[in-house]
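# Summary of structural features
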Amino acid sequence: MGNLWIGPPGAMTEIDQAAKSFDRSADLGVTEFKSLGGRVTVTRAASPVRRLKLSWELLAPAHARALDRIARRTGGPGPVYVVDPAAANVLAPAQAEGTGTAGAVDVTGLAQWFKTSTTGAVSESTTVPGTFVHTAADATSALAWRYTGTPGSGGNFPVSPGLQISFHAPTALAALGTVSVGIDFKKADGSYLATLAATGPLVTGTVPAGAVYATPTAKPGTAGTYALAGACFTYGGTAQAGIPGDGLPPMSVTGYTDAPGRPLPYRSIGIDLVEVSGAAG
């Protein structure tokens, strides 16, 4: 498990001091209504909203200043990202399971993946509705996982130089002796920078200088149709097959406390964040 990283793409700050308190409970959006007869009706939001509450005592000055800039948005508007050391898979839950809404070509369906080769295809399974597969036409067919959290990301996962990053292929691909995987790194404008590649189902390395975004890729190396369940994309550790997707939602600061520590210049910092749906944050 790695450290917590927080900030905008390409400029996340690593906080290597453990937080005194760390609450990552999601807001389920559940409301109860009790009738006069004693019966209870429950309504629930379609998707839970992630909330984080963190606090540190005697935080080092450099880290305190970084959090202060994020909370007061002195670096500019927009959401921030929190690489949660307790999250073992930053793929969206449905993306990690290889599922989506049956018949839907949107962020819950085909838009979670795309082919990166001239051959092959990504499609909904013809036998299990809501399950998605990659059909490799030949040894060159390849596909990629698209980040769906923020429209402004161009479909690339936000990263920062120095962050350890790891990707494990879906279960069906990992069973192949011909599979290879990679992580493509992109600049701020989305243009290609470099690739981290490996033979086999697992690739692990460090985000290079100049990288702002990343896209995990896989090449079966053998023609066939393969389910996309079981993929894992991990920040700060080593990816393992079959870990549930936790997502990497854009977040906005909703609460902030800053108190001088004893001794100075250390400070006690508290910060609350909530998942947001837009790029403005």
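Now for a quick tour of the structure. (Residues numbered from 1 in each chain as written. Predicted model: local features only at pLDDT ≥ 70, side-chain atom pairs only at ≥ 80, totals over all residues. Heavy atoms only, no water.)

This next bit is on the pattern of salt bridges. Where charged atoms of side chains with opposite charge meet at close range, the side chains can pair. Within the structure shown, the criterion is met by seven salt bridges. A salt bridge links D84 to R24, with the nearest nitrogen and oxygen atoms 2.5 Å apart. With D84 in the loop between β8 (81-83) and α2 (93-97) and R24 in the loop between β3 (21-23) and β4 (26-27), this residue pair connects regions lying 60 residues apart in the sequence. One salt bridge in this structure joins R50 and D246, with 3.6 Å as the shortest N-O distance. Residue R50 is located in strand β7 (residues 49-59), and its partner D246 is located in the loop between β20 (232-235) and β21 (251-260); the two are separated by 196 residues in the primary sequence. Given a relative accessible area of 17%, R50 falls into the buried group. Overlapping salt bridges bring together R24, R50, D84 and D246 as one network. (Salt bridge = Lys/Arg side-chain N within 4 Å of Asp/Glu carboxyl O. Helix = DSSP H or I, 4+ residues; strand = E, 2+ residues; numbered from the N terminus. Buried < 20%, exposed > 50% of the residue type's maximum accessible area, 1.4 Å probe, protein only.)

Next up on the list: the pairing of strand β18 (residues 213-219). Burial analysis of β18 places six of its seven residues in the buried class, which makes it a mostly covered element. Pairing analysis gives two bridges linking strand β12 (residues 143-145) to β18, with the strands arranged antiparallel. Following the sheet pairing, A144 is matched in β18 by T217. In this structure, strand β13 (residues 157-158) lies alongside β18, joined through two bridges in antiparallel fashion. Paired with F157 across the bridge in β18 is A214. Note that strand β15 (residues 180-186) and β18 share seven bridges and pair antiparallel. The partner of S180 across the bridge, within β18, is K219. (Pairing = 2+ DSSP bridges.)

Following the criterion strictly, the structure yields seven aromatic pairs and no others. Following the ring pairs from residue to residue traces out a cluster consisting of Y81, W145, Y147, F157, F167, F233 and Y235. (Phe/Tyr/Trp six-rings, centres within 6.5 Å; stacked < 30°, edge-to-face > 60°.)

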